[in-house]
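Next come the chains, spelled out residue by residue.
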Amino acid sequence: MAELEPLLTGPYTSAHVVRWCAAQQNWDKIHYDVDYARDVAGLPERVINGAFKQHLLARFLGQAFDVPVRLVRLNYRFMGPDFIGESLEARGTVTACEPIAGATAAHVSLALWNPQQEKITTQGSATVMLDAAPYGDIDWQALPHHWRLDETVEAEDAAVPAEIRALLGQDDEHVTSSCPVDLSRLRLFADAVGGLPAWHHDPRAAADAGLPGVLAAPLFPIHALEPAVGSLPLSTDGAALGREAVNEVGRNFARRFGFPASGLANAGNECELHSLLAVGETATGTSRLLSARVKPRGRGGDMLFTTA
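From a predicted model like this one, the values you see are computed outputs, not experimental measurements. (Residues numbered from 1 in each chain as written. Predicted model: local features only at pLDDT ≥ 70, side-chain atom pairs only at ≥ 80, totals over all residues. Heavy atoms only, no water.)

Q: So, the overall build of the protein chain: which residues are in play, and what are the values?
A: Within the protein chain, the secondary structure is distributed over seven helices and eleven strands. The C-alpha radius of gyration of the protein chain comes to 20 Å, within 12% of the 19 Å expected for a compact globule of 308 residues. Oriented by its inertia axes, the alpha-carbon framework of the protein chain measures out at about 55 × 45 × 40 Å. When burial is assessed residue by residue, the protein chain has 44% of its 308 residues classed as buried. For the protein chain, the share of sequence-separated contacts (at least 6 apart) that also reach a separation of at least 24 residues comes to 70%. Just so you have it, the protein chain exposes about 15,500 Å², and 51% of that area is on carbon and sulfur atoms. In the protein chain, which carries 25 positive and 37 negative side-chain charges, the distance between the mean positions of the two groups comes to 4 Å. (Helix = DSSP H or I, 4+ residues; strand = E, 2+ residues; numbered from the N terminus. Rg over C-alpha atoms; globule rule 2.2 N^0.38 Å. Buried < 20%, exposed > 50% of the residue type's maximum accessible area, 1.4 Å probe, protein only. Contact = heavy atoms within 4.5 Å. Areas by Shrake-Rupley, 256 points an atom, 1.4 Å probe, with all protein chains shown as cover. Lys, Arg positive; Asp, Glu negative; His and termini not counted. Charge placed at Lys NZ, Arg CZ, Asp CG, Glu CD.)

What follows is the structure, encoded as structure tokens:
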């Protein structure tokens, strides 16, 4: 086991978070509206976006090794919130290395440490290919099957609303971006994440790297579904979350079924990366519900946990 050099970033101000909200196109008010965060959401302060933290982990992995790195798997779960004014330190330990498909795979245990809270707020793991081209398609057929995402559909929970249970195992959402990826969006995205290689946003750097054009950062496709103008209006209700205008698949139950949006939280992601999205290409997202279960929570109301 070998510890990687930590990456300390921050402290993050409200301006940093607003820039990330624009880059991600996420208008959830708990991230930038202090009155909403405190008075409506019951939080002590505005929250640093969970989606930002996943890109911080990817950035850390790209900078932690002395050789070219290709991210192929990233799993993480959020242990607690991080707030405006706080810093984040990405940490990693190489737990194993193995030869795979003519390259070396390194398996890494990951964590985000919050110095102000003095605790880990995000934990995860990743697999990266070392000494491999950081771009081009990944031949997943040549990789171990146990690296793949588990897409097993779990048994029904009778406590889950019928309209949700009916979605289990179904490809029920299919969303295509209204426009292709462009340099303007990637420039903003690179500024918001920080520390990305220049060929993720600069055509000259891409040409110098031998690429036919600019390629987006590995996890950018998660945010690449551009809604058509006017298709996702913001609510005029002062208590509205702001997420009603976020174009996402797999977790928009509030918008689709009239559930309250105030308690919505992202617990984490598991990502399998095949290729990088190029400028001029258009992303499509599909969602399949794999599990849904209800956990009673007493006076606070029941909690619905879903995996898509």
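Let's pick the thread back up.
Q: So what about unusual backbone geometry? Which residues, and what values?
A: For residues other than glycine, phi is negative in most cases, and the peptide bonds are mostly trans. Cis peptide bonds are those with omega within 30 degrees of zero, and the linkage from Gly10 to Pro11 qualifies with 5 degrees. Located in the positive-phi region is Gln25, a residue other than glycine, with phi close to 65 degrees. Despite not being glycine, Glu118 shows a phi value in the positive range, around 55 degrees. By the element assignment, Glu118 lies in the loop between strand S5 (103–114) and strand S6 (119–130).

Q: Residue-level account of the pattern of salt bridges, with values.
A: The final tally for this structure, using the stated rule, is twelve salt bridges. In this structure, Glu45 engages Arg46 in a salt bridge whose closest nitrogen and oxygen atoms are separated by 2.7 Å. Of the two residues examined, Glu45 and Arg46, each falls in the buried class. Glu248 is the partner of Arg243 in a salt bridge, and the nearest nitrogen-oxygen pair spans 3.0 Å. Overlapping salt bridges bring together Asp28, Arg243 and Glu248 as one network. (Salt bridge = Lys/Arg side-chain N within 4 Å of Asp/Glu carboxyl O.)

Q: Which residues make up the packing of helix H1 (residues 14–24) against helix H5 (residues 183–193), and what values go with them?
A: One way to put it is that H1 packs onto H5 with a least axis distance of 9 Å and a crossing angle of 145 degrees. Crossing angle aside, the handedness with which H1 passes H5 is left-handed. Between H1, through Arg19, Trp20, Ala22, Ala23 and Gln24, and H5, the contact on the second element is made entirely by Arg185, Leu188, Phe189, Asp191, Ala192 and Val193. Of the residues contributing to the contact of H1 with H5, the split by class is seven nonpolar, one polar and three charged. (Axes fitted to C-alpha atoms, helices over the stretch in contact; angles between N-to-C directions. Left-handed = near helix turned anticlockwise from the far one by under 90°. Nonpolar A, V, L, I, M, F, W, Y, C, P; charged D, E, K, R; others polar.)

Q: Would you mind going over a nonpolar patch on the surface in detail, with residue names and values included?
A: Where nonpolar side chains cluster on the molecular surface, the patch consists of Val18, Trp27, Tyr32 and Leu234 and spans about 350 Å² of accessible area. Tracing the sequence through the fold places Val18 in helix H1. Accessibility expressed as a relative area gives 44% for Val18, which makes it partly exposed. (Patch = residues over 30% accessible without salt bridge, like charges linked within 9 Å, V, L, I, M, F, W, Y side chains within 5 Å.)

Q: Tell me about the packing of aromatic side chains, and name the residues and values.
A: In this structure the tally under the stated criterion is six aromatic pairs. Look at Phe189 and Phe220: their rings are 5.0 Å apart centre to centre, the planes differ by 85 degrees, and that puts the pair in the edge-to-face class. Of this pair, Phe189 sits in helix H5 while Phe220 sits in the loop between helix H6 (203–208) and helix H7 (253–257), and the two are 31 residues apart along the sequence. Ring-pair connections join several aromatic residues into one group, and the members of that group are Tyr12, Trp20, Phe52, Phe189 and Phe220. The ring of Phe305 is capped by Arg293, whose NZ or CZ atom sits 4.8 Å from the centre of that ring. (Phe/Tyr/Trp six-rings, centres within 6.5 Å; stacked < 30°, edge-to-face > 60°. Lys NZ or Arg CZ within 6 Å of the ring centre and 35° of its normal.)

Q: Which residues make up the environment of Val40, and what values go with them?
A: Position of Val40 among the secondary structure elements: in helix H2 (residues 34–40). Look at Val40 and you get partly exposed, because its relative accessible area is 44%. Setting aside residues no more than four positions away along its own chain, Val40 makes contact with Asp35 and Ala239.

Q: I'd like a description of the packing of helix H3 (residues 50–64) against H5, backed by residues and values.
A: Remark: H3 packs on H5, axes separated minimally by 10 Å, with the N-to-C direction vectors making an angle of 80 degrees. Of the possible angle classes, the one that applies to H3 and H5 is roughly perpendicular. Contacts between H3 and H5 involve Phe52, His55 and Arg59 from the former and Phe189, Ala192 and Val193 from the latter. (Parallel < 35°, antiparallel > 145°, perpendicular 65-115°, else oblique.)

Q: Can you tell me about the nonpolar core, naming the residues and giving the values?
A: Across soluble globular proteins, you tend to see nonpolar side chains buried next to one another. Within the largest apolar cluster, 58 residues are counted, with the highest numbers of intra-cluster contacts made by Leu61, Phe65 and Leu74. Of all the secondary structure elements, the ones that give two or more residues to this core are H1, H3, strand S3 (69–78), strand S4 (88–100), S5, S6, H5 and H6. In this view, Leu74 contacts Gln54, Leu61, Leu110, Ser125, Ala126, Leu219, Asn269, Glu270, Cys271 and Leu273; residues no more than four positions away in its chain are not counted. Judged by nonpolar contacts, the second largest core, of ten residues, contains Ile100, Ala105, Ala132 and Ile138. (Core = buried A, V, L, I, M, F, W, Y, C linked by side-chain atoms within 4.5 Å.)

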